[in-house]
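Working through the structure, step by step
These are the residues of each chain, in order.
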Amino acid sequence: MPYDYGHFAVIYDTETIKTPPTSLKDLVEGDPSQKIVIEDPRTSTPGLGLLLWVKSVYGDEAGTAWAKLKDRVLTVTPGWSEAYGLFTKGEAPMVLSYTTSPAYHMVAENTDRYQAAAFSEGHYIQIEVAGMIKTAKDPALAKQFMAFVIGSQFQTIIPTTNWMMPVGPLDAPLPEAFGKLVQPAKTFLMSSEDVASNRKAWIDEWLAAMSMN
């Protein structure tokens, strides 16, 4: 059951980058001196999201695209927290995150320094889900919790706690900052079957490209 969603995006520091990439192609072929921190697709949802985003845009040429992008990658982190921490500490002017990330800085820190780059090809979406397992000891209680998760009380706090977009009804309007976020013109989403059957091959392709001299 989906309970929130967000589009992946390249977040950049406006104090360092004045002309951010306007497309995935622009990111891949841009100035290698302007570095980006990305996450490992084997251990991180955003890392896997970027892998699928590149594959959605480049198809069979994804390996070539990764080989070009490698020169812009400062480092590959195990997860989002490490990557975003390096970014906010100024280690790199760009990081792979979500279109909703700037809302955190606008709401919690009262700054619009960090922004998402709008990509002309579109953005890959992440849909976060909850589920009840077959062996649940108290199925009735589990179903009650699931209903609570998509209810207005839970959904209203999603935007400013998980910093993602809610899927259900809200008790209050979204904060003003959410109206200033990038609205992707196109959304990429592969079927779970396609990802499951190709994931290992695509990760191997990524590993081969990223390890090239």
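Up top you'll find the structure we're talking about.
Here the structure is a predicted model, which means the values were calculated and not measured. Within every chain, residues take consecutive numbers counted from 1 along the sequence as written. Where totals are concerned, whole chains, interfaces and linings use all residues; where local detail is concerned, this predicted model gives features only for residues with pLDDT of at least 70, and gives and counts side-chain atom pairs only at 80 or more. Side-chain calculation: all heavy atoms of the structure are included, whereas hydrogens and water are not.

1. Focus on the pairing of strand β1 (residues 2-13)
Burial analysis of β1 places 10 of its 12 residues in the buried class, the great majority of the element. Bridge count between β1 and strand β6 (residues 123-129): five bridges; the pairing is antiparallel. Residue Asp4 lies in a different strand from β6, and its bridge partner there is Glu128. For β1 and strand β7 (residues 165-166), the ladder comprises two bridges, and the chain directions are antiparallel. If you follow Asp4 over to β7, its bridge partner there is Pro166. Relative accessibility decides the category of a residue: with a 1.4 Å probe and only protein chains considered, values under 20% of the type maximum give buried, values over 50% give exposed, and everything between is partly exposed. Strands are runs of DSSP state E lasting at least 2 residues, helices are runs of H or I lasting at least 4, and numbering of each runs from the N terminus. At least two DSSP bridges between two strands are needed for those strands to be called paired.

2. Looking at the side chain of Gln126
Relative to the assigned elements, Gln126 resides in strand β6. Throughout this description, a polar contact denotes any pair of N or O atoms lying within 3.5 Å of each other; where both atoms belong to protein, one of them has to be capable of donating a hydrogen while the other can accept it, and for residues adjacent in sequence the pair is counted only when both atoms sit in side chains. In this structure the side chain of Gln126 is engaged in a polar contact, spanning 2.9 Å, whose partner is the side chain of Glu128. Sequence-distant contacts of Gln126, defined by excluding residues within four places in its chain, comprise Asp4, Tyr5, Gly6, Phe8, Thr45, Pro46, Tyr98 and Met164. Contact criterion: two residues are considered in contact whenever any of their non-hydrogen atoms come within 4.5 Å of each other.

3. Some words on the packing of aromatic side chains
The criterion for an aromatic pair is that two Phe, Tyr or Trp rings (for Trp, the six-membered ring) have centres within 6.5 Å, with stacked assigned to planes under 30 degrees apart, edge-to-face to planes over 60 apart and tilted to the rest. What the rule picks out here adds up to 10 aromatic pairs. Ring geometry for Tyr3 versus Phe154: centroids 6.5 Å apart, planes at 85°, classification edge-to-face. With a gap of 151 residues between them, Tyr3 in strand β1 and Phe154 in helix α7 (residues 152-157) connect regions that are remote in the sequence. In this structure, Tyr3 and Phe154 share a single accessibility class: buried. Grouped by ring-pair contacts, the aromatic residues Tyr3, Phe145, Phe148 and Phe154 constitute a single cluster.

4. Side note on unusual backbone geometry
One non-glycine residue, Asn110, adopts positive backbone phi at about 55°. Turning to its location among the elements, Asn110 is positioned in the loop between α5 (101-108) and β5 (114-116). Given the relative accessible area of 70%, Asn110 is considered exposed. Phi at Trp163 takes a positive value of approximately 55°, unusual for a residue other than glycine.

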